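Structural overview for review
Now for the letters of each chain:
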Amino acid sequence: MKFSKLVLAALLVLALVGCSGTAPDKARPGGAADGGAFPVTIATKFGEVVVEQQPTTVVALGWGDAEVALALGVQPVGASDWLAFGGEGVGPWAAGRYDKPPMLIATMEPDFEAIAALQPDLILDTKSSGDRARYDRLSELAPTIGVPAGGDAYLTSTRQQTTMIAQALGRTAQGEALLTKLDTAFAEAAAAHPQWKGQTVSSVTRTSETWGAYIEGSERVQFMQNLGFVQNPAIAELPTGGSGFSVSLSPEQLRRIDADLIVAFPIYIDTSQITADPLFTAVPAVAQGRAVVIDGDLSQAYSLGTVESQLYALDKIIPELEKATR
C-alpha cells in the first residue's frame with residue numbers, strides 16, 4: 001500500500017478545543033457580529049474574494065472549518081465531517097453548539113447539488129485540497145473562502161484558518177480572542193516545562209498496512225513545536241512523496257522515529273497494533289518509556305488543529321507528555 005493511501009485515510013476519517021473568555025453564543029448563522037465591517041476582501045490561492053455583507057447561510061467544508069465557525073458563534077447549515085464524528089459532525093469540545101444539526105456534506109467529493117439546495121451566501125473551504133476545479137465549482141454557488149494565498153493542500157495554519165473565517169463572518173475581534181487564548185495556553189504550558197525546549201519529537205501514525213510520520217507544516221508537528229519541541233531531523237530529511245505534511249516509513253525505516261519523545265496514534269486500527277508491534281517497541285525511545293500513544297477523542301483533537309480542539313488536546317496530553325519526559 002502506497003503512502004498516498006495513508007494520507008487519504010487520514011483525511012477521510014482519521015479514526016483515529018475552550019474559546020474566548022466567554023463561551024460563543026448559539027446564534028443562528030449570521031447572528032450578532034463583533035463589529036466587522038463589510039464588504040471584506042480575503043486573499044486566497046485563487047485570487048481575492050469579496051464578501052459583500054454579513055453572511056446568513058454558511059456552508060463549511062474544509063478540515064475544521066465548521067468548528068471554527070461554531071467557535072465564532074455561527075452555525076453552518078451544511079458541514080463536512082472529516083473525522084467521522086457523526087451526529088453534528090463535531091468533536092466533544094464543540095458539542096451542543098447547534099440549534100439544528102447541519103446537513104453533513106461528503107469531504108473529498110462534496111455533493112454540489114446538495115450544497116446548492118442549501119442556498120448558501122458563503123462557503124468555507126479554507127483547509128482542503130486546494131484543487132482549482134473544486135474551488136471553481138463551489139464559487140459558482142456562493143463566494144468561497146478557499147486555501148490562503150500561497151497556501152497548499154491541507155496546510156492552512158490555525159492562525160490563517162481562524163483569521164480568514166473570522167474576517168468572512170465579520171467577527172475579527174472574536175477570532176483574535178480565540179487565537180490569543182490558544183497562544184497563551186501554549187506559552188504557559190511551555191513555560192511550565194522548560195525541559196522540553198529543543199528536545200526532538202516524532203509524530204507517528206499507523207494504518208492497517210503502513211507507518212507514516214508527520215513533518216513540519218502539519219498541525220501535529222506544530223502542536224509539539226508550540227510546546228518547545230523540535231522536529232526529529234531523521235524524519236525531516238525523508239522525501240515526502242507528494243504529500244506536504246507526511247512521509248511514509250517502511251518497516252526498515254521505523255527506527256528513524258527514535259527521538260527524545262515519540263507521539264503515535266492509530267488510523268483505522270486498534271491501538272494495540274502500535275503498542276504490541278515488536279518493531280515499534282524495539283525503538284529505543286519506546287523501550288525507554290519516552291513514547292505516548294494516543295487514540296479516541298485525544299488523537300482526533302490533536303489532529304484537527306482548530307483552536308478549541310488544541311485546547312482540549314492540551315488538557316489531556318500534557319500529563320502524558322510529563323510522564324514520558326521525566
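Bear in mind that the values here come from a model prediction, so they are computed numbers and not experimental data.

Attention shifts here to the pairing of strand β1 (residues 40-44). Going residue by residue along β1, you find Val40, Ile42 and Thr44 tucked away on one face and Thr41 and Ala43 left uncovered on the opposite face. Here β1 folds back onto strand β2 (residues 47-51) in antiparallel fashion, the turn holding 2 residues.

Moving on, we come to the packing of aromatic side chains. A full pass over the atoms with the stated rule returns 12 aromatic pairs. With a centroid separation of 6.4 Å and 15 degrees between ring planes, the pair formed by Tyr214 and Phe245 is classed as stacked. With Tyr214 in strand β9 (residues 211-214) and Phe245 in the loop between α8 (233-236) and β11 (246-249), this residue pair connects regions lying 31 residues apart in the sequence. Accessibility expressed as a relative area gives 3% for Tyr214, which makes it buried. In this structure an aromatic cluster arises from ring pairing among Phe186, Tyr214, Phe223, Phe245, Phe265 and Tyr302. Note that Arg220 overlies the ring of Tyr214, its terminal NZ or CZ placed 4.1 Å from the centroid.

Our focus in this paragraph is the environment of Thr126. Mapped onto the elements of the fold, Thr126 is located in the loop between β6 (122-124) and α4 (132-139). Taking the C-alpha atoms as reference points, Thr126 and Thr44, separated by 82 residues in sequence, lie 8.6 Å from one another. Among all residues touching Thr126, those that are not within four sequence positions of it are Asp65, Ile145, Gly146, Val147, Pro148, Thr156, Gln161 and Ile165.

The geometry of helix α12 (residues 296-304) relative to helix α13 (residues 307-324) is characterised by a closest axis approach of 8 Å and an angle of 130 degrees between their N-to-C directions. Considering their axes alone, α12 and α13 lie oblique with respect to each other. The handedness of the crossing between α12 and α13 comes out as left-handed. Residues Asp297, Leu298, Ala301, Tyr302 and Leu304 of α12 form the contact with α13, whose participating residues are Ser309, Gln310, Tyr312, Ala313, Lys316 and Ile317. When grouped by side-chain class, the residues that make up the contact of α12 with α13 number 7 nonpolar, 2 polar and 2 charged.

Moving on to the sheet that holds strand β4 (residues 78-80). With parallel pairing, 5 strands are arranged side by side in an open sheet as β5-β4-β3-β6-β7. With partners counted over all chains shown, the strands left at the sheet margins are β5 (103-105) and β7 (144-145), one partner each. Across the sheet, helix α5 (residues 158-169) touches β3 (58-60), β6 and β7, and the angle it forms with β6 is around 170 degrees.

Before going further, it helps to spend a moment on the nonpolar core. By size, the foremost hydrophobic cluster in this structure holds 64 residues, and its most contacted members are Ile145, Phe223, Met224, Leu227, Leu261, Val263 and Leu321. In terms of residues, this core owes the most to one element, α13, which gives 9 residues. When neighbours within four sequence positions are excluded, Leu227 is seen to be in contact with Phe186, Ala189, Ala190, Trp196, Leu314, Ile318 and Leu321. Within the second largest apolar cluster, 17 residues are counted, among which are Trp211, Ile235, Leu238 and Val286.

As for its placement among the helices and strands, Gln75 is situated in the loop between α2 (65-71) and β4. Separated by 3.4 Å, the side chain of Gln75 and the backbone oxygen of Arg97 make a polar contact. Within the structure, the side chain of Gln75 is placed 2.8 Å from the backbone nitrogen of Asp99, a separation counted as a polar contact.

This part takes up the pairing of strand β12 (residues 261-266). Across the 6 residues of β12, 6 count as buried, placing the element largely inside the fold. By the alternation rule, side chains of β12 split into Leu261, Val263 and Phe265 and Ile262, Ala264 and Pro266, which are all buried. Two elements, strand β8 (residues 200-206) and β12, share 6 bridges in a ladder whose sense is parallel. Among the inter-strand pairings, Arg206 is bridged to a residue of β12, identified as Pro266. Across 3 bridges, β12 lies against strand β13 (residues 291-293) in parallel orientation. Each residue of the ladder has a partner; that of Ala264, found in β13, is Val293.

How each quantity is defined
Residues numbered from 1 in each chain as written. Predicted model: local features only at pLDDT ≥ 70, side-chain atom pairs only at ≥ 80, totals over all residues. Heavy atoms only, no water. Buried < 20%, exposed > 50% of the residue type's maximum accessible area, 1.4 Å probe, protein only. Helix = DSSP H or I, 4+ residues; strand = E, 2+ residues; numbered from the N terminus. Pairing = 2+ DSSP bridges. Phe/Tyr/Trp six-rings, centres within 6.5 Å; stacked < 30°, edge-to-face > 60°. Lys NZ or Arg CZ within 6 Å of the ring centre and 35° of its normal. Contact = heavy atoms within 4.5 Å. Axes fitted to C-alpha atoms, helices over the stretch in contact; angles between N-to-C directions. Parallel < 35°, antiparallel > 145°, perpendicular 65-115°, else oblique. Left-handed = near helix turned anticlockwise from the far one by under 90°. Nonpolar A, V, L, I, M, F, W, Y, C, P; charged D, E, K, R; others polar. Core = buried A, V, L, I, M, F, W, Y, C linked by side-chain atoms within 4.5 Å. Polar contact = N/O pair within 3.5 Å; in protein donor to acceptor, adjacent residues only side chain to side chain.

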